[in-house]
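# Structural characterization, general
These are the residues of each chain, in order.
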Amino acid sequence: MATTPSSKANADDASKLGYSYVTPSGMCLRFRQSLAQFSDLFSEFNKYIAPAYHHDRCERSVHMRLYSMNKREFATVFLAFFACFGLGIFIGLAGPPITVMSKVSGSSLLPNVSGESGGGNGHLAKGPFVMRTPLMTTYSQQLWIIAKLLTANTDDEMVDKKFHINVQIEGLTAEHKPTMVYGARAGGLGMGVELKNRTRHLSCSYEECDEFTVLHFGFLDYAHYIVTVRFYGLEAFHQRYNIRTVQFYFKSYNPAFTQIEIWFRFIFVLFTFIITCWFAHTLRRYPMNDWSIEQKWISILLPLLLMFNNPIFPLIFIANSWFPGMIDALMQTTFLCGLLMFWLCVYHGLRQNERKFLSFYLPKLIVVLPIWLCAVMLGIWEKCDELNDPTYSHFEDSQNYNGLKVFVSIAGVMYLLYLGLLMLKAYSELRSMPYFDMRLRILTLLMLIVLSISLIVTLQHFGFDTLEDNFIAQLYTSYKSSAQFMCFYGLLNFYLYAMAYVYSPSGPAVHEPIIAKDNPTFSMINDSDEEVMYGSDEESRRPLNSACRKGNDYDSD
């Protein structure tokens, strides 16, 4: 058989190398070619999903303690977090309930009913009910008067009736002299306010009706109040269902809980101040431009946490004014919205170094700012209306109130969608990069712990107690014990403490700041995982983004 020169050359080469090569043909060849094409396509797509080590982020940051922590140290951090959190809940379980409540029967409040026909039962549908509140101290903070009707209805039907109440309030001075607070000739708090009829809804099932709020004091000027309540529009309801009795409940903060709140807020303020100073001290030897995005945000959140714990909280009991309470609500709202902003910025900032205001921060402010504005507006709205009229209820302005709640709900959904998108992009792009996956895991794990526990506490707030008409105050008065208060405050404080430790710089103080490359994979060629320092002395003198503007210098080498 004749041989071609090329085949003869291949045979000579194979004999020299000690092996021979047979070109595949047929089905096997087509299968291998299809696999090669699929591999090439996946490689093109994979560089967008999981960038390789040569994707230079061109940013330098301080070496964080997170980089050098082993599994035992991580376990110790989480064990300390849950131990402190559990201790706070245990202290709360042993503490007193947040509110105290006393009740009085409406029959004993009606004047001169013993000599009337029917034992005065007809007056239960209209009053007047003249009552004197229990002793209110400075630690009582707020007061609710709640009413509940009991009927002789045995029919299997639901009753929903609208009626009106009329309230007149007098305060007893230190000389036990009554002073008009709210009424036709009211002075002081209710200056120029005429006696109004307020609308309430009565929902009844069988013999019991749902409670409704008669009035709410945001702060207390007097130790005792004399309140006169009249009902209008219940006469026909009484003739059909026979109102057997009316119960009035006086609900206020428990002074024992107020003392616990003052002490633990002071403890949290003290610890937050110490940790804030310590964290600032560890970063003081590094230029601010070299801080990582987590370190920059922790240095902002720690002062906001100090405001959240409110060092001026005792002024609420010293100054007889609504202003300290308003400041407290404003600082708490600001911290919570700052925490929401932190999660958005970190998940996005890990992937992007150019963090200009318009392109990076403005979209996040557009998402978070409506939540902050709605919370502040709702608090100011309720406070201002209650100062002018303690009988005010947001149910009377249900259109604006429900519109505001819908707006807050839409803003919350937008935030969750935006956060989910940033998390998905961060994990898809950085999950295979060393140390970036550690930063993502620790951030996500702590965030999920905070969100899950906060969701449980929030559901307990709004799911079991709807007696109060004040939406903002309901956050605090719906607790059954001090445990939920300790759970909420302890969770947020210990969360920030844990992050401050994890993101604090590691290593001894040096004269020349040792800066870590924000992409730790560059040093993995020659350095170990335990001692990772990035960049040479010459690189440390370059601008941070010079490599980005000039191209990838590493590839050129």
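We now turn to the structure provided with this report. (Residues numbered from 1 in each chain as written. Predicted model: local features only at pLDDT ≥ 70, side-chain atom pairs only at ≥ 80, totals over all residues. Heavy atoms only, no water.)

### Remarks on the packing of aromatic side chains
Throughout the structure, instances matching the rule amount to 25 aromatic pairs. Ring centres of phenylalanine 268 and phenylalanine 494 lie 6.1 Å apart, and the angle between their planes is 75 degrees; on these two criteria the pair is classed as edge-to-face. Placement of the pair is phenylalanine 268 in helix 6 (residues 255-283) and phenylalanine 494 in helix 14 (residues 482-502), with a sequence separation of 226 residues. Judged by relative accessible area, phenylalanine 494 falls into the buried class, the value being 17%. Across the ring face of phenylalanine 313, the terminal group of arginine 265 is positioned such that the distance to the ring centre comes to 4.1 Å. The ring of phenylalanine 360 carries the charged tip of lysine 364 above its face, separated from the ring centre by 4.1 Å. (Phe/Tyr/Trp six-rings, centres within 6.5 Å; stacked < 30°, edge-to-face > 60°. Helix = DSSP H or I, 4+ residues; strand = E, 2+ residues; numbered from the N terminus. Buried < 20%, exposed > 50% of the residue type's maximum accessible area, 1.4 Å probe, protein only. Lys NZ or Arg CZ within 6 Å of the ring centre and 35° of its normal.)

### Here we look at the nonpolar core
In this structure, Phe342, Trp343, Tyr347, Tyr415, Tyr495, Leu496 and Tyr503 are the most contacted members of the largest nonpolar core, which totals 82 residues. Per-element accounting of this core gives the leading share, 14 residues, to helix 14. Not counting chain neighbours up to four residues away, the residues in contact with phenylalanine 342 comprise Trp297, Leu301, Leu443, Tyr495 and Met499. Listed in part, the 37 residues of the second largest apolar core include Leu109, Leu124, Leu143 and Val227. (Core = buried A, V, L, I, M, F, W, Y, C linked by side-chain atoms within 4.5 Å. Contact = heavy atoms within 4.5 Å.)

### What about the environment of leucine 365?
Examined against the element boundaries, leucine 365 turns out to sit in helix 10 (residues 357-388). Excluding residues that lie within four positions of it along the chain, leucine 365 makes contacts with Met341, Phe357 and Pro370.

### Some words on the pairing of strand 5 (residues 158-172)
Look at any regular strand and the pattern is simple: side chains alternate between the two faces of the sheet. Of the pairings in the sheet, the one linking strand 5 to strand 7 (residues 197-205) comprises 9 bridges and is antiparallel in character. Within strand 7, the position partnered with lysine 162 by the bridge is histidine 201. Pairing of strand 5 with strand 10 (residues 224-232) involves 9 bridges; the strand directions are antiparallel. Bridge pairing links asparagine 166 to arginine 230 in strand 10. Relative to strand 6 (residues 178-182), strand 5 is paired through 4 bridges, and the arrangement is antiparallel. Counted as the bridge partner of glycine 171 is threonine 179 from strand 6. Remark: 5 residues form the turn of the hairpin made by strand 5 and strand 6, two consecutive strands paired antiparallel; histidine 176 in that turn has positive phi of roughly 60 degrees. (Pairing = 2+ DSSP bridges.)

### A short note on helix 4 (residues 71-94)
With 24 residues, helix 4 extends 34 Å from end C-alpha to end C-alpha; this agrees with the ideal 34 Å at 1.5 Å per step. Among the residues making up helix 4, those that are buried are Val77, Phe78, Phe81, Phe85, Gly88 and Gly92. (Expected span 1.5 Å × (residues − 1).)

### Here we look at the packing of helix 7 (residues 293-309) against helix 14
Remark: helix 7 packs on helix 14, axes separated minimally by 11 Å, with the N-to-C direction vectors making an angle of 155 degrees. Classified by the interaxial angle, the pair formed by helix 7 and helix 14 is roughly antiparallel. The element helix 7 and its partner helix 14 pack so that their crossing is left-handed. Seen from helix 7, the contacting residues are Ile298, Leu301, Leu302, Leu305, Phe308 and Asn309; seen from helix 14, they are Phe488, Tyr489, Leu492, Asn493, Leu496, Tyr497, Met499 and Ala500. (Axes fitted to C-alpha atoms, helices over the stretch in contact; angles between N-to-C directions. Parallel < 35°, antiparallel > 145°, perpendicular 65-115°, else oblique. Left-handed = near helix turned anticlockwise from the far one by under 90°.)

### Examining unusual backbone geometry
The phi dihedral of histidine 176 is positive, around 60 degrees, even though this residue is not glycine. Mapped onto the secondary structure, histidine 176 falls in the loop between strand 5 and strand 6. Judged by relative accessible area, which is 60%, histidine 176 ranks as exposed. Notably, asparagine 310 is not glycine yet its phi reads approximately 65 degrees, a positive angle. According to the relative accessible area criterion, asparagine 310 is buried, its value standing at 2%.

### A look at the packing of helix 6 against helix 7
It is at 9 Å that the axes of helix 6 and helix 7 come closest, and there the two elements cross at 160 degrees. One way to sum up the angle between helix 6 and helix 7 is to call them roughly antiparallel. Seen from above, helix 6 lies across helix 7 with left-handed handedness. Counted together, Arg265, Phe268, Val269, Thr272, Phe273, Ile275, Thr276, Phe279 and Leu283 of helix 6 and Gln295, Ile298, Ser299, Leu302, Pro303, Leu305, Leu306, Phe308 and Asn309 of helix 7 form the full contact between these two elements. Split by residue class, the contact of helix 6 with helix 7 holds 12 nonpolar, 5 polar and 1 charged. (Nonpolar A, V, L, I, M, F, W, Y, C, P; charged D, E, K, R; others polar.)

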